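The primary structure of each chain is shown beneath.
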Amino acid sequence: YDLSHARMESVNPVKAKELLAAGVPVVASPVPELAAYGEVVRLCDSDEAWLAALERQLKIPLEARSLISQRVAGEDWKRKVADIRRVVEAV
């Protein structure tokens, strides 16, 4: 994929969010939508960066993984539907 393409600005990486909800640290390509997740998502643009990020994420202790899932708490479908409903009802 061409990550410099304008459409990348609107990509919603659902699978990465599902992994985060499960407490799994993520290593990914530099998709703009993932930049807001900080340390729990390592964005990589080279082989060396990927290897270093994978090593770092594997060292996150299991006890800390509940903090990872908290980063996406509230980003579920129930909240999204409520947001959409508010917009539709306002119109």
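Here's a quick rundown of the structure. Given the structure is predicted, the values throughout are model-derived calculations rather than measurements. For every chain, the first residue of its written sequence is number 1, and the numbers climb from 1 along that sequence. The model is predicted, so local features are restricted to residues of pLDDT at least 70 and side-chain atom pairs to those at 80 or more, both for listing and for counting; the totals for chains, interfaces and linings are taken over all residues. Computation of side-chain values: all heavy atoms of the structure, hydrogens and water removed.

**With respect to the overall build of the chain**
Turning to step 1, where the next piece is worked out: Numbering goes from the N terminus for both helices and strands, where a helix is a DSSP run of H or I of at least four residues and a strand is a run of E of at least two. When you go through the chain residue by residue, the secondary structure sums to 4 helices and 2 strands.
Turning to step 2, where the next piece is worked out: When the helices and strands of the chain are listed from N to C terminus, the series reads α-β-β-α-α-α.
Turning to step 3, where the next piece is worked out: Between buried and exposed lies partly exposed: a residue is buried under 20% and exposed over 50% of the maximum accessible area for its type, with that area taken using a 1.4 Å probe on protein chains only. When burial is assessed residue by residue, the chain has 23% of its 91 residues classed as buried.
Turning to step 4, where the next piece is worked out: Across the chain, contacts joining residues at least 24 apart in sequence account for 37% of those joining residues at least 6 apart.
Turning to step 5, where the next piece is worked out: Under the convention used here, a 1.4 Å probe and the Shrake-Rupley method define accessible areas, while residue burial counts only the protein chains that appear. For the chain, the accessible area works out to roughly 6,700 Å², and carbon and sulfur atoms hold 59% of it.
Turning to step 6, where the next piece is worked out: Here the chain carries 13 positive and 14 negative side-chain charges, and the mean point of each set is 7 Å from the other. Contacts are assigned to residue pairs with any non-hydrogen atoms lying within 4.5 Å of each other. His residues and chain termini do not enter the charge count, which takes Lys and Arg as positive and Asp and Glu as negative. Where a charge lies is defined by one atom per residue type, namely NZ (Lys), CZ (Arg), CG (Asp) and CD (Glu).

**A short note on the nonpolar core**
Turning to step 1, where the next piece is worked out: Only buried Ala, Val, Leu, Ile, Met, Phe, Trp, Tyr and Cys residues count toward a nonpolar core, and they belong to the same one when joined by side-chain atoms within 4.5 Å. Core analysis: the largest hydrophobic core is formed by 11 residues, namely Ala16, Leu20, Val26, Ala28, Val31, Leu34, Tyr37, Val40, Val41, Ile68 and Val72.
Turning to step 2, where the next piece is worked out: Looking at this core, the elements with two or more residues in it are helix 1 (14–21) and strand 1 (26–28).
Turning to step 3, where the next piece is worked out: Contact partners of Ala16, with chain neighbours within four places excluded, come to Val26 and Leu34.

**Some words on the environment of Glu75**
Turning to step 1, where the next piece is worked out: In this structure, Glu75 sits in the loop between helix 3 (65–70) and helix 4 (77–90).
Turning to step 2, where the next piece is worked out: Apart from residues lying up to four places away in sequence, Glu75 is in contact with Lys17, Tyr37 and Lys80.
Turning to step 3, where the next piece is worked out: Under the rule applied, a polar contact is a pair of N or O atoms within 3.5 Å (in protein, one hydrogen donor and one hydrogen acceptor; residues adjacent in sequence only if both atoms are side-chain atoms). Within the structure, Glu75 has its side chain in polar contact with the side chain of Tyr37 (distance 2.7 Å).

**Quick word on the side chain of Gln57**
Turning to step 1, where the next piece is worked out: Assignment of secondary structure puts Gln57 in helix 2 (residues 47–58).
Turning to step 2, where the next piece is worked out: The buried category is assigned to Gln57, whose relative accessible area is 4%.
Turning to step 3, where the next piece is worked out: What Gln57 contacts, discounting residues up to four positions off in sequence, is Pro25, Val26, Val27, Glu39, Val40, Val41, Arg42 and Arg65.

**A look at the environment of Glu89**
Turning to step 1, where the next piece is worked out: Considering the arrangement of structural elements, one finds Glu89 in helix 4.
Turning to step 2, where the next piece is worked out: For Glu89, a relative accessible area of 60% puts it in the exposed group.
Turning to step 3, where the next piece is worked out: The sequence separation of Glu89 and Arg79 amounts to 10 residues, and the corresponding C-alpha distance is 15 Å.

**Focus: the environment of His5**
Turning to step 1, where the next piece is worked out: In this fold, His5 is placed in the segment before helix 1.
Turning to step 2, where the next piece is worked out: Measuring from C-alpha to C-alpha, the distance between His5 and Ala73 comes to 30 Å, with 68 residues separating the pair along the chain.

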